[in-house]
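Breakdown of the fold
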Amino acid sequence: MLLQFPGRLDLVRERVGHASICPSSWSPLLGVIEKILPGVETRLRRIDRDVARRSFKVHRALSVANRTRLRYSDSGWQDSCYPSLEPGTIFRFDDPEGRAQQEFSAEGGPIDAGLILHDCAQQSWSLTMTAPRERRDAVMPAVLTLLRRLAEDLVDAFVVSHAIGSPDQPSRDRIESTWDQLCTPVLLLDRELSIGAANTAAEDLLREARYFRPRFFDDHLSLANRNDGQVLEAAVNRLLSGRRASARVSLEGLRRSAPLSVTLRRAGSPDWRRQFAPELAESAHVLAVFRLPEGSAIAASAHG
């Protein structure tokens with residue numbers, strides 16, 4: 001299927017870029033995969049190992065589930081009953097020697113193929129695909145083609161969307177290079193509007209003097225319109241202090257500029273952070289996703 005219609009792979013790749021923004025954006029990605037591979041069921045699967053609770057101050061780990069002895073490796077504490085699964089590994093259900101298959105097939109029924117997205121002492125995540133038995137031979141080549149070609153992008157998108165704000169947070173370079181796949185400007189901001197990461201499209205937008213002031217010495221976001229700055233900072237603080245997961249702000253800019261729409265979302269996954277320490281469940285960062293005014297020179301350069 002994918003081999004006959006390569007344009008479909010580009011559609012999935014576009015959705016992978018959007019999936020790097022937040023955990024909720026993975027549902028549309030899975031929907032697109034199922035649309036181009038009729039009959040294939042895709043899922044994000046999590047194995048909770050319950051073997052450790054990590055924090056910044058406590059470096060020892062206790063097995064809560066079965067009191068087994070833990071070992072320490074370069075990636076942290078590991079339960080000796082569970083092998084380490086390398087992110088980016090593709091596994092197949094018909095591989096009896098596959099360690100990943102043995103672990104993930106026990107969760108929710110059989111799996112035809114999958115991709116390891118993340119692995120640590122507390123949990124493992126995979127993207128799994130299952131086809132009806134009568135269509136398995138026909139669709140498996142397309143499934144494996146998709147996983148092989150997008151494995152690296154899928155792993156990066158998953159970690160960037162889920163792990164921000166946790167000890168697993170990827171480096172700024174990795175976050176920005178992942179978001180660079182998007183033509184949509186995206187910023188990572190804290191309460192003081194300090195920029196933790198920005199993709200290329202956002203860097204281009206920040207040079208637009210109608211909305212932003214130049215940054216000379218730091219990564220603090222400064223708005224050209226003082227009222228815009230107050231509105232944005234207040235919205236960020238309300239979002240981080242309340243129960244809402246998202247908010248929308250319209251920046252007025254200077255000289256009767258077209259309004260610049262910004263959607264704010266709490267960054268990362270609270271469930272992901274909670275596995276390390278309960279106090280990390282609340283987010284300290286938001287994502288600012290900009291929608292450029294239609295017909296503007298900024299939008300034209302971004303899409304160009």
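See the structure above.
The following refers to the structure shown.

The rules behind these values
Residues numbered from 1 in each chain as written. Predicted model: local features only at pLDDT ≥ 70, side-chain atom pairs only at ≥ 80, totals over all residues. Heavy atoms only, no water. Helix = DSSP H or I, 4+ residues; strand = E, 2+ residues; numbered from the N terminus. Buried < 20%, exposed > 50% of the residue type's maximum accessible area, 1.4 Å probe, protein only. Contact = heavy atoms within 4.5 Å. Areas by Shrake-Rupley, 256 points an atom, 1.4 Å probe, with all protein chains shown as cover. Pairing = 2+ DSSP bridges. Expected span 1.5 Å × (residues − 1). Polar contact = N/O pair within 3.5 Å; in protein donor to acceptor, adjacent residues only side chain to side chain. Phe/Tyr/Trp six-rings, centres within 6.5 Å; stacked < 30°, edge-to-face > 60°. Arc of directions from axis to C-beta. Salt bridge = Lys/Arg side-chain N within 4 Å of Asp/Glu carboxyl O.

The secondary structure content of the protein amounts to nine helices and 11 strands. Counting only residues that meet the buried cut, the protein has 49% of its 304 residues in that class. A fraction of 58% describes how many contacts in the protein between residues 6 or more apart in sequence connect residues 24 or more apart. A total of about 15,700 Å² of accessible surface is found on the protein, and carbon and sulfur atoms cover 48% of it.

The next point concerns the pairing of strand β8 (residues 195–198). Bridging between strand β7 (residues 186–189) and β8 involves three bridges; their strand directions are antiparallel. Across the sheet, Leu-188 pairs through a bridge with Ala-197, a residue of β8. Hairpin remark: β7 followed by β8, antiparallel, with five residues in the connecting loop; positive phi at Leu-193, about 65 degrees.

Okay, helix α7 (residues 226–241) next. Taking 1.5 Å as the rise per residue, α7 with 16 residues should run 22 Å; its terminal C-alpha atoms sit 23 Å apart, in good agreement. Turning to α7, the residues buried within the fold contact β9 (246–251), β10 (260–266) and β11 (286–291). With a side-chain oxygen positioned 2.8 Å from the backbone nitrogen of Asn-227, the residue opening α7 is Asn-225.

This next bit is on the packing of aromatic side chains. Evaluation of the coordinates by the stated rule reveals five aromatic pairs. With a centroid separation of 5.3 Å and 50 degrees between ring planes, the pair formed by Trp-125 and Phe-158 is classed as tilted. With Trp-125 in strand β6 (residues 123–130) and Phe-158 in helix α4 (residues 136–163), this residue pair connects regions lying 33 residues apart in the sequence. Arranged with centres 6.1 Å apart and planes meeting at 80 degrees, the rings of Phe-212 and Phe-290 form a pair that is edge-to-face. Of this pair, Phe-212 sits in the loop between α6 (200–206) and α7 while Phe-290 sits in strand β11, placing them 78 residues apart in sequence.

This part takes up the environment of Ser-126. Counting through the fold element by element, Ser-126 comes out in strand β6. On the basis of relative accessibility, which here comes to 0%, the residue Ser-126 falls in the buried class. Measuring from C-alpha to C-alpha, the distance between Ser-126 and Phe-91 comes to 9.9 Å, with 35 residues separating the pair along the chain.

Moving on: helix α2 (residues 26–36). Because an α-helix packs 3.6 residues into every turn, residues spaced three or four apart end up facing the same way. Inspection of α2 places Trp-26, Leu-29, Leu-30, Val-32, Ile-33 and Ile-36 among the buried residues, and these make up the whole buried set. Seen end-on, α2 carries its buried residues on one side only, within an arc spanning 155 degrees. Along α2, exposed side chains directed more than 90 degrees from the buried face belong to Ser-27 and Lys-35.

A few words on the pattern of salt bridges. Across all of its chains, the model carries nine salt bridges by this definition. Its salt-bridge partner being Arg-174, residue Asp-156 comes within 2.7 Å of it at the nearest N-O pair. Pair noted here: Asp-156 is in helix α4 and Arg-174 is in helix α5 (residues 172–179), with a separation of 18 residues, a long-range link. Classification of Arg-174 by relative accessible area gives partly exposed; the value is 30%.

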